[in-house]
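Descriptive structure summary
One-letter residues, chain by chain:
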Amino acid sequence: AYSNDTHELAGFLSYGHAYGLLQFDFVREYLLELYSLSAHQYTRGSWTAPETRCIEPGKTTAPYCVPAQLSVPLLVRWMLAFEDPSSDALWLCKAIPRDWLQDGSIISARAIPTRRGRVGLQIASHLAAKRIDASLDLPAAEGQHDTILRLRVPEPARMVAVRINGNAWKQFDPEAGTVTLPGSVSGHVSVTVDYR
């Protein structure tokens, strides 16, 4: 949030704006907000966040603020595990930067808290071999709430086939880069995605 009168950025208010961007799939804008907060709201070296930061050189900032300190960690958590409030779908990696899935990269997170329980993921990119391997730990879901894994790979790679626990899987969308798992899929899940 920004005030025209004071020229101050209020880092502690930005999470609501970011949440809306992510909910409606404005990933580019979401990442821009995350990077902007990281670069302008936090102090260099100590990563301490004041309540507000004036963008005019030489003007002081407000004192330390716990909610502002939590904005970037919250946005990173949503980037990795986002619970859609309208569909109750659990999105994994909905907004990761494409560079995070360059060949040889690994994304790993354990015990991410969700309403369903703790979620774990490890994604290894082997794009030079036209493949990405993912290992998911999913709690049992009540009802028919989907888990959607999005793999935002560097372009022009495109999904052509998916295997879940070694078996061919048809619930994927090459345009969106998503693999959909119904609520009945839980426990340790192995996902292999082939690219062209």
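Okay, so let's go over this structure. (Residues numbered from 1 in each chain as written. Predicted model: local features only at pLDDT ≥ 70, side-chain atom pairs only at ≥ 80, totals over all residues. Heavy atoms only, no water.)

Using the criterion set out here, one finds eight salt bridges in the structure. In this structure, Asp-25 and Arg-150 form a salt bridge, with 2.9 Å as the shortest nitrogen-oxygen distance. Here the residue Asp-25 occupies a position in the loop between helix H1 (14-23) and helix H2 (27-40), and Arg-150 occupies one in strand E8 (residues 147-150), the gap between them amounting to 125 residues. The closest approach of N and O atoms between Arg-77 and Glu-83, which form a salt bridge, is 3.4 Å. (Salt bridge = Lys/Arg side-chain N within 4 Å of Asp/Glu carboxyl O. Helix = DSSP H or I, 4+ residues; strand = E, 2+ residues; numbered from the N terminus.)

In most cases, non-glycine residues show a negative phi, while peptide bonds are predominantly trans. With an omega of 15 degrees, the peptide bond running from Glu-155 to Pro-156 counts as cis. Locating Pro-156 in the fold gives a position in the loop between E8 and strand E9 (159-164). With a phi angle near 65 degrees, Asp-88 is a residue other than glycine that sits in the positive phi range. In this fold, Asp-88 is placed in the loop between strand E3 (81-83) and strand E4 (90-92).

On to the sheet that holds strand E5 (residues 106-114), then. Strand order in the open sheet formed by six strands is E5-E6-E7-E13-E9-E10, and the pairing between neighbours is antiparallel. At either end of the open sheet lies a strand with only one pairing partner, and these are E5 and strand E10 (167-169). Going from strand to strand, the sheet's axes swing by 20 degrees on average, the running direction of each strand aside. As defined by bridge partners, strand E7 (residues 131-138) adjoins strand E13 (residues 187-195) across eight bridges and the pair is classed as antiparallel. When the sheet's bridge partners are listed, Leu-136 is paired in E13 with Val-189. With respect to the sheet, helix H4 (residues 71-80) is in contact with E5 and strand E6 (117-126), its orientation differing from that of E5 by roughly 105 degrees. (Pairing = 2+ DSSP bridges. Axes fitted to C-alpha atoms, helices over the stretch in contact; angles between N-to-C directions. Contact = heavy atoms within 4.5 Å.)

Without other data, these values stay purely geometric and don't point to any function.
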